[in-house]
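Report on the structure
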Amino acid sequence: MISQREILWRKGKSGLKVGALGIVAFGGIGIWSGNDKFFEQFIAPLLTKVDPEFSHRAAVTLARFHLQKRGMTDDPPNLRANLGSLVVSNPIGIAAGFDKNAECMSGLRRTGYGWVEIGSVTPIPQEGNAKPRVFRLPQDKAVINRYGFNNDGHEQVYMRVQEFKSQHPDYIVGVNLGANKESPNRISDYCKGIERFSNTADYFVINISSPNTPNLRDLQKSETLPELLQNVMYTRDNQTRRVPVFLKVAPDITDADIKSICKTVLSEGTKIDGIIISNTTITRDDLESDPKVTQESGGLSGKPLERASTILVAKFYSELNGQIPIIGVGGIWDGKDAFAKIQAGASAVQIYSVVAYKGLGVVNAMKKELSEILTKNGYKSVAEAVGSRHAESQTPVTKTKSSSAAV
Ligand SMILES: Cc1cc2nc3c(=O)[nH]c(=O)nc-3n(C[C@H](O)[C@H](O)[C@H](O)COP(=O)(O)O)c2cc1C
């Protein structure tokens, strides 16, 4: 015998499901059309009513089943770029954390991303932090997340990457490695990732910059980074395939930290192949969204991170002297922002938060705009523009809402 209350609850639940499905279907049309204006004006306001983690899952599912409009088929030749020894047909990749479990690489490739970075993935599967753990800050064009490395673990993710790479051997897949929250030896977790994925990954990322795994960022410190990288590079050098290793850093570091990180990553025995700048920030400056949301713990990404991450790219570029490539990430919203990161010193860029506001198809408008800006500024390739304004890019500005690229 079902009670009246139970009947009402079930009706309410199915109503909610229908509503959510309606939004997903409507969103699907916008996403499929690849029209980011449509997405921004109609879908994004609707999505603010839906749990952000649900939207993220929906976007991954749509991409997984190729329900996303195919992007530009041939990238303009001036967008060809290098991530060290790796060549990509355009310099805009999807950042780690979107396809955590390597479920939709094929859809992302089809949509137009120059390459994908999957993960962060840890040796043992883990559920991550309690929900809710992702928040939108619409007034700030930002996201706060404290997922906490929820992922399917090395084994399952490895199978998916291997299958995809057997079909698309030339498409670059980076594997972003994390450490299990309860791991007794975090350094060994990164080494296990290198061993597991060495025969299939195109590059590795040692992610020690997530703010959502307690004390993980301590591994960036001068007392611990050399030991971590010695172990990682030793493990890498003992595999049959020599896969490039990149380090992903946090934006919340001092100039002294930058100097010490650069010294380590260029030293014999701990020399890596590239650096990704940056992960999310724990700062909360000048935000305009509801304080209830801005005070949520976790990493902040999107527009408020843009200027800080560009300054960091420029500072690292000066310090590294072009010896290893930089991938710039943080608050990129359009082609101008991508160009600003390149001029600051990035050889290529990645995006994430903008996708939550404009849909996955945004990469195509971005590519088109970037290609035009390069031409307009007399650059025949991305490489020619890399670091062309690294000195000017180090000047902080007070407000971070608009692009600062010289176009
Ligand atoms: C919801 C969410 C989850 C993320 N998860 C990861 C992750 O697992 N590993 C990682 O290295 N970075 C992760 N990031 C950070 C992004 O890769 C990127 O560095 C950061 O968001 C800045 O770029 P954006 O401003 O374009 O979002 C995550 C970001 C978001 C918004």
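What you are looking at is a predicted structure, and each value in this text was computed from that prediction instead of being measured. (Residues numbered from 1 in each chain as written. Predicted model: local features only at pLDDT ≥ 70, side-chain atom pairs only at ≥ 80, totals over all residues. Heavy atoms only, no water.)

Spanning 15 residues, helix α5 (residues 153–167) covers 22 Å between terminal C-alpha atoms, matching the ideal 21 Å at 1.5 Å per step. Residues of α5 that are buried include every one of Gly153, His154, Val157, Tyr158, Val161, Phe164 and Lys165, and no others. For α5, the angular spread of the buried residues around the axis is 135°, confining them to a single face. Facing away from the buried surface of α5 by more than 90 degrees, the exposed residues are Met159, Glu163, Ser166 and Gln167. Buried residues in α5 make contact with α4 (105–111), β4 (115–121), β7 (173–177) and α6 (186–197). (Helix = DSSP H or I, 4+ residues; strand = E, 2+ residues; numbered from the N terminus. Expected span 1.5 Å × (residues − 1). Buried < 20%, exposed > 50% of the residue type's maximum accessible area, 1.4 Å probe, protein only. Arc of directions from axis to C-beta. Contact = heavy atoms within 4.5 Å.)

Summed over the entire model, instances satisfying the criterion amount to six aromatic pairs. Between Phe98 and Tyr352 the ring centres are 5.9 Å apart and the planes differ by 85°, which places this aromatic pair in the edge-to-face class. Of this pair, Phe98 sits in the loop between β3 (92–94) and α4 while Tyr352 sits in the loop between β13 (348–351) and α12 (353–358), and the two are 254 residues apart along the sequence. Assessed through its relative accessible area of 3%, Phe98 is described here as buried. On the accessibility criterion, Tyr352 (25% relative accessible area) is partly exposed. (Phe/Tyr/Trp six-rings, centres within 6.5 Å; stacked < 30°, edge-to-face > 60°.)

What follows deals with the nonpolar core. Residues Tyr113, Tyr190, Phe197, Ile206, Leu247 and Phe316 are the most contacted members of the largest nonpolar core, which totals 100 residues. Apart from residues lying up to four places away in sequence, Leu247 is in contact with Ile206, Ile208, Leu225, Leu229, Ile261, Val265, Ile272, Gly274, Ile275 and Ile276. Membership of the second largest hydrophobic core comes to six residues, among which are Leu137, Ala142, Ile144 and Leu300. (Core = buried A, V, L, I, M, F, W, Y, C linked by side-chain atoms within 4.5 Å.)

Pairing is antiparallel across the open sheet formed by three strands, whose spatial order is β5-β6-β11. Every interior strand has two partners, whereas the edge strands, β5 (134–137) and β11 (299–302), have only one. Taken over all neighbouring pairs, the strand axes of this sheet differ in orientation by 25° on average, direction set aside. Here four bridges tie strand β6 (residues 142–145) to β11, and the two strands are oriented antiparallel to one another. Considered in β11, the bridge of Ala142 is made with Gly302. In the packing of helix α10 (residues 303–320) onto the sheet, the strands contacted are β6 and β11, and the crossing angle to β11 comes to about 90°. (Pairing = 2+ DSSP bridges. Axes fitted to C-alpha atoms, helices over the stretch in contact; angles between N-to-C directions.)

It is worth spelling out helix α3 (residues 52–64) at this point. Over its 13 residues, α3 extends 18 Å from the first C-alpha to the last, a length consistent with the 18 Å expected when each residue adds 1.5 Å. Every buried residue of α3 is accounted for by Pro52, Glu53, Ser55, His56, Ala58, Ala59, Val60, Leu62 and Ala63. Count one or two residues on from α3 and you reach His66, which has phi positive near 55°.

Glancing now at the sheet that holds β3. Ordered by their spatial adjacency, eight strands build a closed barrel running β3-β4-β7-β8-β9-β10-β12-β13, and the pairing between neighbours is parallel. Ignoring which end each strand starts from, the neighbouring axes of this sheet average 25° apart. As defined by bridge partners, β7 adjoins strand β8 (residues 203–207) across four bridges and the pair is classed as parallel. Bridge assignment links Gly174 to a residue of β8, and that residue is Tyr203.

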